[in-house]
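# Fold and geometry: a report
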Amino acid sequence: MTEDFHRQVRSWCEQHVPKNWRQTQNGVSEAEFARFQQEWFQTLRGAGYAVPHWPAEWGGGMSVDQQVILYQELAAHDAPRLVLQFVSIHHAAATLLAAGTEEQRQRHLPAILDGEIWVQGFSEPEAGSDLAALRTTARREGDHFVVNGQKLWASGGMHADWCLLLARTDSEAPKRKGISYFLMDMRSDGVEVRPIRNAVGDSHFCEIFLNDVRIPEANLVGPENAGWQVAQETLGTERGMTMLELAERLGNAGFRWLVQECERQGATDSRTRDTLAQFEIEITGLRGLCRSMVSGQAHGPADASIVKLFYSELLQRLTGFGAEIAGLDAHAVLTKPQSSGWESGAWMLDFIGSWEWTIPGGASEIQRTIIAERGLGLPREPQ
Amino acid sequence: MNIELSDEAIEYGHQASRAFEAAGGDDLVQQAQADPQSRGELITPILDGLGALDLEPRADADQLEAAAALCRSAGYWAVPDPVAERLSRPTDLEVDGLVVVAQRPRAAIGGLAGRWAAVDLDGRRSSATAGKPKAAFVADLELTHLDEQGAKDLALALTLPVWTLLGMLDRALDLAIAHVSIRKQFGQTLSGFQSVQFQLTDGEVERSGLEMLARHTLWSIATDRRDAVDDALALRMAALEAAEVVFRVTHQLHGASGFCDETTLSWLSRYSQPLRRLPLGLSATRDVLTRRIGTAGLAGIS
């Protein structure tokens, strides 16, 4: 049965994974990147591979074992990753499924399958790790909310059609109890997106300025002032389900390329072999951890944090080693194929990019705090 | 053995730092990146004002220490000029600077005027012509063989760039401390969290250990010790390891802003790369050192 599914996906990949996308997508414009991503998403959708983790009634329904096989084969065939749709198919969908109304689900889940792009509007200049300190306000005016404020580090904001927005609806309440969760149309009047150029040389991060943006009451997710609880669901997904694909990608693509890079550079000495063996052990552990977490086996209260911490620090070390092995040539590579994963084989850029991982979605310090307090039951840090 | 820098050298380093700051400070590297051809004109007047290029670090310990202090200050401001490489020039060649090269000769001297020499780890010297500069002013070098007399030049040419890197680590920690002292989350400045303090202390332990080793290597060079090259390679290895820890911590504590060119750390970290990768990265440096010292080890502090 398992072998049949392997064969089925393998055969599909052989026929459908674009053969030369690494060349044609290297350093392309944002518009071309978006076009290519949409095209690839629809190709996957045609086979039922776009949203395998969604419930069957919305177009998914794969078992965890099947998802693992799918991700393994996609990685092994060097398929493009779904970068543009990442927030849409994971965070937006998880939020809608967990806390959205039936009308919201009907409106957005099919639209996401048709290519609707989402961005997360959580962080702010003064509210990063301390997300609950956010200052963007949403003031009720009849059957609308009027939103004012600024969001920061909204990855892929320039492509987004919709935004998962957290805003303060009660400034008097304790900070976690005065936040509401909204679905915001990015085409609304008063929304302005400014890309920020980052160290890798792209403008993936964005600032979003919100001036008197009107959001209909129907776009509130969950009860008013209960946005913090809804957000926890979303971040939980980012730390959970997404890691399954990333771990399989790392094991079946990134690590394989690292081994090839070592061979290409003639780095076959015992030190290199030791390091590679160590990485393989860690990746195997990571893959097992992700699988067990998503399957719900032996689920601990801090598993998602353990996985994120493990993956992000491993990715930094692995891409750092890649940059070291690839040597000076890696420094001359100033573009990487858009649509590639966190380990694209452009090792220096991958290494710099990997630093991003220990910061967003709960910085490593926050993950450690969660592991200590919820996982180990240690007391909270005195304030 | 005296591994303290003289008061004069320390004061000279301070003067240099003030001069770099007055001439533009953090803007210098940004100006040079915007117009790489201008960087010679940008930095030469500052160096002239400091009498930097008249220093002869190979002549005596005083000038050696002054050169080290100058390099450290240049690193602190990410000065876009190979100051350390200029000061490493051999006494018996008519050149403006010396770079250490490995198999693929490259150095951050792209777009600069002057005559340059290169020396490899076996002591082979060449004249070097830089090609078109790429990222961070690194250029491929075309080498023309000169002689085999470079073994005596190596230790200093490996050591002074480490002093530049040390200055960059000083700055990275200063920037991170300033950032966490201002940035508030959870109702208090980040600096109040012990987990933040511990990360900075890990960085500081690395940085201060490197500083001691850097002074020890100066002493080894000044006293013309036989194993000065081994000491310099050991220093370089320690510097690369320390840089990894310090930049990891300082980036992490800056959060996402540390990746954006609005922050000085982003520039500093990018321009630390040539120093950390050239002539050899960490594992290649370790490989060379272990082959050289075998089971004999370093003489160390007697």
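By convention here, each chain's residues receive numbers from 1 onward along its written sequence. Here every chain gets a letter starting at A, and every ligand a number starting at 1, in the order they are written. pLDDT decides what is reported in this predicted model: residues at 70 or higher carry local features, side-chain atom pairs at 80 or more are listed and counted, and totals for whole chains, interfaces and linings draw on all residues regardless.

## Some remarks on the overall build of chain B
Scanning chain B from N- to C-terminus turns up 10 helices and 7 strands. The C-alpha radius of gyration computed for chain B amounts to 19 Å, which stays within 12% of the reference 19 Å derived for 302 residues, consistent with globular compactness. Each of the three principal axes of chain B carries a C-alpha extent, and together these read 65 × 45 × 35 Å. Counting every position in chain B, which comprises 302 residues, the buried fraction comes to 49%. Our contact criterion uses C-beta atoms placed from the backbone: two residues qualify when those atoms are within 7 Å. In chain B, once contacts between residues fewer than 6 apart in sequence are set aside, the share between residues at least 24 apart is 69%. By definition, any uninterrupted DSSP run of H or I lasting at least four residues is a helix, any uninterrupted run of E lasting at least two residues is a strand, and each is numbered from the N terminus. Every radius of gyration here is taken over C-alpha atoms, with the globule rule written as 2.2 Å times N^0.38, N being the number of residues. Any residue whose C-beta has 12 or fewer other C-beta atoms within 10 Å is treated as exposed, any with 20 or more as buried, and any in between as partly exposed, C-beta atoms being built from the backbone.

## Digging into the overall build of chain A
The helix and strand tally for chain A stands at 13 helices and 8 strands. What you see for chain A is a C-alpha radius of gyration of 21 Å, in line with the 21 Å of a compact globule of 383 residues. Taken along the three principal axes of its C-alpha coordinates, chain A extends 70 × 50 × 45 Å. Per-residue burial over chain A gives 49% buried out of 383 residues. The contacts in chain A between residues at least 6 apart in sequence include a share of 73% that link residues at least 24 apart.

## A word on the interface of chain A and chain B
Counting residues at the interface gives 26 residues for chain A, matched by 22 residues for chain B. Those elements giving two or more residues to the side of chain A that touches chain B turn out to be helix H11 (328-331) and helix H13 (364-375) of chain A. Looking at the side of chain A that touches chain B element by element, the count peaks at 3 residues for H13 of chain A. For this classification, the nonpolar set comprises Ala, Val, Leu, Ile, Met, Phe, Trp, Tyr, Cys and Pro, the charged set comprises Asp, Glu, Lys and Arg, and every other residue, Gly included, is treated as polar. The residue inventory of the side of chain A that touches chain B, partitioned by class, reads 12 nonpolar, 7 polar and 7 charged.

## Comments concerning the sheet that holds strand S4 (residues 125-130) of chain B
Residue and element names in this part refer to chain B. Spatially, the 5 strands line up as an open sheet ordered S1-S3-S4-S5-S2, and their pairing is mixed. Edge positions in the sheet fall to strand S1 (97-101) and strand S2 (106-107), since each of these pairs with one other strand and no more. Strand pairing follows a simple DSSP-based rule, namely that at least 2 bridges must link the two strands. When S1 meets strand S3 (residues 116-120), the two strands line up parallel, connected through 5 bridges. Looking at the pairing, Val 100 lines up with Val 119 of S3. Convention adopted: a line fitted to C-alpha atoms gives each axis, helices being fitted over their contacting stretch, and angles between N-to-C directions are expressed from 0 to 180 degrees. Contacts from helix H6 (residues 151-182) reach S1 and S3, with the element oriented near 90 degrees to S1.

## Some thoughts on the domain arrangement of chain A
All names here are of chain A. Domain start and stop positions are those given by an automatic or database domain assignment. Domain annotation for chain A reports domain 1 (2-91), domain 2 (117-226) and domain 3 (235-375). Its C-alpha centre places domain 1 at a distance of 29 Å from the equivalent point of domain 2. Taken together, the contact between domain 1 and domain 2 spans 7 residues of the former and 8 residues of the latter. Those elements that place two or more of their residues in the side of domain 1 that touches domain 2 are helix H3 (30-47) and helix H5 (86-99). Here the side of domain 1 that touches domain 2 gets 3 residues from one element, more than from any other, and that element is H5. For the side of domain 1 that touches domain 2, the residue count by class is 3 nonpolar, 3 polar and 1 charged.

## Topic: the environment of Phe 351 of chain A
Residue and element names in this part refer to chain A. Checked against the element boundaries, Phe 351 lands in helix H12 (residues 347-354). C-alpha separation for the pair Phe 351 and Thr 319, spaced 32 residues apart in sequence, amounts to 4.7 Å. Phe 351 has contacts with Thr 319, Gly 320, Gly 322 and Ala 323, leaving out every residue within four places of it along the chain.

## Examining unusual backbone geometry
Residues and elements named next belong to chain B. Look at the link from Leu 278 to Pro 279: it is a cis peptide, with omega at 5 degrees. Positive phi values are uncommon outside glycine, yet Ala 78 reaches one of about 50 degrees. Among the secondary structure elements, Ala 78 is positioned in the loop between helix H4 (61-76) and helix H5 (83-87). A residue is classified by how many C-beta atoms lie within 10 Å of it, and Ala 78, with 24 of them, is buried. Positive phi, close to 65 degrees, is recorded for Phe 137, a residue that is not glycine.

## Considerations on the nonpolar core
A general tendency of soluble globular proteins is for nonpolar side chains to be buried together. Buried Ala, Val, Leu, Ile, Met, Phe, Trp, Tyr and Cys residues whose C-beta atoms connect them within 7 Å together make up a nonpolar core. Formed by 111 residues in total, the largest nonpolar core has its most connected members in Trp 118, Cys 163, Phe 182 and Met 184 of chain A. At 10 residues, helix H8 (residues 241-264) of chain A tops the list of elements feeding residues into this core. If near-sequence neighbours (up to four positions away) are discounted, Cys 163 of chain A is found in contact with Trp 118, Val 119, Gly 121, Met 184 and Met 186 of chain A. Of all hydrophobic cores here, the second largest spans 91 residues; its members include Ala 9, Cys 71, Val 83 and Ala 157 of chain B.

## Quick notes on the packing of H6 of chain B against helix H8 (residues 228-254) of chain B
Residues and elements named next belong to chain B. Running from amino to carboxyl end, H6 crosses H8 at an angle of 20 degrees, the nearest separation of the two axes being 9 Å. Relative to H8, H6 is oriented roughly parallel. In this structure, H6 crosses over H8, and the sense of that crossing is left-handed. In this scheme, roughly parallel covers angles under 35 degrees and roughly antiparallel covers those over 145, while 65 to 115 is roughly perpendicular and the rest are oblique. In this scheme the crossing of two helices becomes right-handed for a clockwise turn of the near helix relative to the far one and left-handed for an anticlockwise turn of less than a right angle.

## Structural notes on H12 of chain A
Residue and element names in this part refer to chain A. Counting buried positions along H12 gives 8 out of 8 residues, so the element sits mostly inside the fold. Taken as a whole, H12 has its buried residues at Trp 347, Met 348, Leu 349, Asp 350, Phe 351, Ile 352, Gly 353 and Ser 354. Buried residues in H12 make contact with helix H10 (303-326) and H11.

## A look at H8 of chain A
For H8 of chain A, with 24 residues, the first-to-last C-alpha span of 34 Å sits near the 34 Å given by 1.5 Å per residue. By the largest-angle criterion, Leu 250 of chain A marks the main kink of H8 of chain A, which is about 40 degrees. The span you would expect from a helix comes to 1.5 Å times its residue count less one. We define the bend at any residue as the angle between the axes fitted to the seven residues before and including it, ending there, and the seven starting there.

## Quick notes on the pairing of S3 of chain B
Residue and element names in this part refer to chain B. Of all 5 residues in S3, 4 are buried; the element is thus mostly enclosed. The pairing of S3 with S4 spans 4 bridges and is classified as antiparallel. The residue bridging Trp 116 from the neighbouring strand is Ala 128, located in S4. Taking the residues that link successive antiparallel strands as the turn, the S3-S4 hairpin has 4 residues, and the phi of Gly 123 there is positive, at about 90 degrees.

## Observations regarding the packing of H4 of chain B against helix H7 (residues 194-222) of chain B
Residue and element names in this part refer to chain B. Between H4 and H7, whose axes approach to 10 Å, the crossing angle comes to 150 degrees. One element, H4, and the other, H7, form an angle in the roughly antiparallel class. In the packing of H4 onto H7, the handedness of the crossing is right-handed. Two secondary-structure elements touch here, H4 through Ala 61, Leu 64, Glu 65 and Ala 68 and H7 through Leu 218, Ile 221 and Ala 222. When its residues are assigned to classes, the contact of H4 with H7 shows 6 nonpolar, no polar and 1 charged.

## Observations regarding the confidence of the model for chain B
What pLDDT conveys is the predictor's confidence in a given residue, as a value from 0 to 100. Averaged over all residues, the pLDDT of chain B is 93; the fraction at 70 or higher stands at 99%. Of the two predicted TM-score estimates for the complex, the pTM is 0.83 and the ipTM is 0.73.

## Description of the environment of His 216 of chain B
Residue and element names in this part refer to chain B. Within the secondary structure, His 216 sits in helix H7. Overall, His 216 belongs to the partly exposed group, with 17 C-beta atoms counted inside 10 Å. The sequence separation of His 216 and Asp 231 amounts to 15 residues, and the corresponding C-alpha distance is 8.3 Å.

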